[in-house]
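# What the coordinates show
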Amino acid sequence: MKGPGRDLRVNSLVDARDEEGFTLIELMVVTVIIPIIVGALALALISVAGQVGPIVGPTLGGWFVEAASWHWIFLINVPIGAVGLLAVHRFLPRGEGGHAPSFDAIGYALVSLAMIAFS
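What counts and how
- Residues numbered from 1 in each chain as written.
- Predicted model: local features only at pLDDT ≥ 70, side-chain atom pairs only at ≥ 80, totals over all residues.
- Heavy atoms only, no water.
- Helix = DSSP H or I, 4+ residues; strand = E, 2+ residues; numbered from the N terminus.
- Buried < 20%, exposed > 50% of the residue type's maximum accessible area, 1.4 Å probe, protein only.
- Areas by Shrake-Rupley, 256 points an atom, 1.4 Å probe, with all protein chains shown as cover.
- Expected span 1.5 Å × (residues − 1).
- Phe/Tyr/Trp six-rings, centres within 6.5 Å; stacked < 30°, edge-to-face > 60°.
- Patch = residues over 30% accessible without salt bridge, like charges linked within 9 Å, V, L, I, M, F, W, Y side chains within 5 Å.
- Salt bridge = Lys/Arg side-chain N within 4 Å of Asp/Glu carboxyl O.
- pLDDT = per-residue confidence, 0-100.

## Looking at the overall build of the protein chain
- Within the protein chain one finds six helices and zero strands.
- Its helices and strands taken in sequence order, the protein chain reads α-α-α-α-α-α from the N to the C terminus.
- Residues classed as buried in the protein chain amount to 12% of the 119 residues present.
- Within the structure as shown, the protein chain displays about 10,000 Å² of accessible surface, and the carbon and sulfur contribution to it stands at 72%.

## Here we look at helix H6 (residues 105-118)
- Here H6 is 14 residues long and its end C-alpha atoms lie 20 Å apart, about the 20 Å a rise of 1.5 Å per residue gives.
- Counting buried positions along H6 gives one out of 14 residues, so the element sits mostly on the surface.

## A look at the packing of aromatic side chains
- Tallied over the entire structure, the rule returns two aromatic pairs.
- Plain terms: the ring middles of phenylalanine 103 and tyrosine 108 are 5.5 Å apart, the flat faces sit at 50° to each other, and that makes the pair tilted.
- Taking the relative accessible area as the measure of exposure, phenylalanine 103 reaches 63% and is therefore exposed.
- The partly exposed category is assigned to tyrosine 108, whose relative accessible area is 48%.

## So, a nonpolar patch on the surface
- Side chains of Val48, Val52, Ile55, Val56 and Leu60 sit close together on the surface and give an oily, nonpolar patch of about 430 Å² of accessible area.
- Locating valine 56 in the fold gives a position in helix H3 (residues 36-67).
- For valine 56, a relative accessible area of 38% translates into the label partly exposed.

## Section: the confidence of the model for the protein chain
- Mean pLDDT over the protein chain works out to 75, with 65% of the residues at or above the 70 mark.
- At the low end of the mean pLDDT range in the protein chain sits helix H1 (residues 11-16), at 59; at the high end sits H6, at 91.

Dropping the structure here:
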């Protein structure tokens, strides 16, 4: 039986990292939907979360592994994700139903190459 929280291999923690990558989507939402003045504050808050997460995350992850098992690292994200979805539904403005911008394949490729080069 495979899947988050069910696989018995610790290597699954590393494998599951491949399924992440919503940071660029967050930045896109902030820069497209939120006005410029408020957007700067929103980007600052995302930056703070990006800096606090690597500090608090390993501590909480270690506590979860010691207190329960490493499977809970995956399962704890379900209620956190639900709260995030509720917050998005509550606080982000509704779209006007207009035309979505086209996908910037060149920009996406350049950002991907830059991230690979700097990691």
